[in-house]
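What follows is each chain in one-letter form.
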Amino acid sequence: MTRLYLTVLITAAILTASSYSADWPQWRGPQRDGKSKETGLLKEWPKDGPKLLWQIKDAGEGYSTPAIVGDRIYILSNKGQDDEFVQARKVSNGDLIWSTRLGKVGPNQGMPYPAARSTPTIDGDVLYALGSDGDLFCVKIGDGSEVWHKSLRADFEGKPGAWAYSESPLIDGDKLICTPGGKEATIVALNKKNGEVVWKCAVPDSDLAAYASPIAIEVGGTRQYVQFVSKGLVGVDAKSGKFLWRYDKTAKASLANIPTPVEHDGYIFTGTGMTGAGLVKLKTEKDTVTADEVYFDKTLPNAIGGSILISDFLYGTNSKGLMCVEFTTGKEKWRDEKLGAGSLCFADGNFYVHAESGDVILVEATSEGLHEKGRFTPPDQPEHKRGKMEKAWAYPVVANGRLYLRDHGCLWCYDVKAEK
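A quick note: this is a predicted structure, and the numbers were derived from the prediction, not measured.

Quick notes on the side chain of Ser 77
Link 1 in the chain: Structurally, Ser 77 can be placed in strand E4 (residues 72-79).
Link 2 in the chain: Other than its neighbours up to four places away in sequence, Ser 77 contacts Ala 59, Gly 60, Glu 61, Asp 83, Glu 84, Phe 85, Gln 87, Ala 116 and Arg 406.

Let's talk about unusual backbone geometry
Link 1 in the chain: Its identity is not glycine, yet Glu 157 carries a phi of approximately 55°, on the positive side.
Link 2 in the chain: Its location among the elements puts Glu 157 in the loop between helix H2 (152-156) and strand E11 (170-172).
Link 3 in the chain: Residue class for Glu 157 comes out partly exposed when judged on its relative accessible area of 46%.
Link 4 in the chain: The phi dihedral of Asp 380 falls on the positive side, at around 55°, and the residue is not glycine.
Link 5 in the chain: As for its placement among the helices and strands, Asp 380 is situated in the loop between strand E30 (372-376) and strand E31 (397-399).

Observations concerning the pairing of strand E23 (residues 307-310)
Link 1 in the chain: Of the two faces of E23, the one lined by Ser 307 and Leu 309 and the one lined by Ile 308 and Ile 310 are each fully buried.
Link 2 in the chain: Taking the residues between adjacent antiparallel strands as the criterion, E23 and strand E24 (residues 313-317) are bridged by two residues, where Ser 311 takes a positive phi near 55°.

Details of empty space enclosed by the protein
Link 1 in the chain: Taken as a whole and assessed by the stated rule, the structure comprises four cavities of 30 Å³ or more.
Link 2 in the chain: Taken as a whole, the largest cavity holds about 80 Å³ of empty space.
Link 3 in the chain: Taken together, 14 residues make up the lining of the largest cavity; nearest its centre are Pro 259, Phe 269, Gly 271, Gly 306 and Ser 307.
Link 4 in the chain: Of the residues in the lining of the largest cavity, the class split is six nonpolar, eight polar and no charged.
Link 5 in the chain: Its volume calculated, the second largest cavity comes out at about 50 Å³.
Link 6 in the chain: In terms of residue class, the lining of the second largest cavity is made up of seven nonpolar, two polar and one charged.

Things to note about the sheet that holds E4
Link 1 in the chain: One open sheet holds the four strands; their spatial order is E3-E4-E5-E6, and the pairing between them is antiparallel. At either margin of the open sheet sits one strand with a lone partner, and together these are strand E3 (67-69) and strand E6 (96-103). Adjacent strand axes in the sheet meet at a mean angle of 25°, parallel and antiparallel pairs treated alike.
Link 2 in the chain: Bridge count between E4 and strand E5 (residues 83-90): eight bridges; the pairing is antiparallel.

What about the sheet that holds strand E10 (residues 146-151)?
Two pairing modes exist for strands in a sheet, parallel and antiparallel, and in both the strands are linked by backbone hydrogen bonds.
Link 1 in the chain: Strand order in the open sheet formed by four strands is E7-E8-E9-E10, with antiparallel pairing between adjacent strands. Bordering the open sheet on either side are strand E7 (121-123) and E10, each of which pairs with just one other strand. Taking each pair of neighbouring strands and ignoring which way they run, the sheet shows an average axis angle of 15°.
Link 2 in the chain: Of the pairings in the sheet, the one linking E7 to strand E8 (residues 126-130) comprises three bridges and is antiparallel in character. Each residue of the ladder has a partner; that of Thr 121, found in E8, is Tyr 128.

Some thoughts on the packing of aromatic side chains
Link 1 in the chain: As enumerated under the stated definition, the model contains 14 aromatic pairs in all.
Link 2 in the chain: Look at Trp 27 and Tyr 395: their rings are 4.5 Å apart centre to centre, the planes differ by 50°, and that puts the pair in the tilted class. Of this pair, Trp 27 sits in the loop between helix H1 (3-19) and strand E1 (35-36) while Tyr 395 sits in the loop between E30 and E31, placing them 368 residues apart in sequence. By the burial criterion, Trp 27 is buried, and Tyr 395 matches it.
Link 3 in the chain: Through successive ring pairs, a cluster of aromatic residues spans Trp 45, Tyr 352, Phe 376 and Tyr 414.

The rules behind these values
- Residues numbered from 1 in each chain as written.
- Predicted model: local features only at pLDDT ≥ 70, side-chain atom pairs only at ≥ 80, totals over all residues.
- Heavy atoms only, no water.
- Helix = DSSP H or I, 4+ residues; strand = E, 2+ residues; numbered from the N terminus.
- Contact = heavy atoms within 4.5 Å.
- Buried < 20%, exposed > 50% of the residue type's maximum accessible area, 1.4 Å probe, protein only.
- Pairing = 2+ DSSP bridges.
- 1 Å grid on protein atoms, 1.4 Å probe; cavity = no way out; pocket = protein on both sides within 12 Å on 5 of 7 lines; lining within 4 Å.
- Points joined across faces, edges and corners; volume = space filled by probe spheres on them.
- Nonpolar A, V, L, I, M, F, W, Y, C, P; charged D, E, K, R; others polar.
- Axes fitted to C-alpha atoms, helices over the stretch in contact; angles between N-to-C directions.
- Phe/Tyr/Trp six-rings, centres within 6.5 Å; stacked < 30°, edge-to-face > 60°.

Here is the structure:
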């Protein structure tokens, strides 16, 4: 075999692997922005949707979005109120590999939706999982055995909101970032290897933990963690845990601060269904950071399913449907009210929208208007036991040429690769 021929074979193998290899190792994907770099996917779906590879109905209750790494799927689930667990399953057929108990389901108040919620975060040969009652575990991905664990309630006097803990842990370098809530340690950084405290940040006003997940950003040469807590959007210094700034408007009158913030170039977008959505611009002067409001509007994307920034445009849903707005101005480019609210992810030029109705829609990512490229309804959907208010809330995931959908005990896997 000549050296040239060998080089061609290796190059072809690398190109093929890169076309169809894109893990989804944590909440909202590799960068926590809802976007995949995967290519080679179907640009349109057949009339009945993409090919269903398999479906399981024994995943357990919960709203947890799957994380996908290599040949394994990782999700949180629960059976009843006393057993919440993280599990690993096979990508090939959904079969269970191992399951590790985290604790009991966290208490719910008001209109209750008790269930597992968090998405596991995979980092090398371990994963981090936060149970809804505040049980934070580091386990080995090989067999689910425990490395260390903490209790956000017992160890940090944590105070969750009315619907228990929902965030997905953030790994940043050697640190794990999470949000116990309360006056002692609203946000904490832990050593990811052993769970020891690196710093605690007591956010002013003793905010309860809400339901969003933190992101890491860099503005003005300062790395910081941004989180949406019960009374507003806050930023803390990544190195020291020093509280830096807050913006409260999108949290006023809101009981459910759920969508993860969207950041680009020092602009940060947040939204809530009960209040509205807005954008702030961070400004740094010496050691002071301020968040100045750019716009606020009740009709912008604010649904549970989050928003995604593509180029200069933000896409997401409100209670009526999907819309596109200019990120830095809030100016509406288009909206379509046929879809209703839903959650989304982006891959290879298209949005995969998991509507709260349970339908799944493929939409081209363009600011010119809604271009629907396919739609289907997954079979054998579960009954929502808590009445009309409970919807299909788990986010869709596209990883390694497959689309994963979860709704309580059901997990579907579809082939969305284009033919070579």
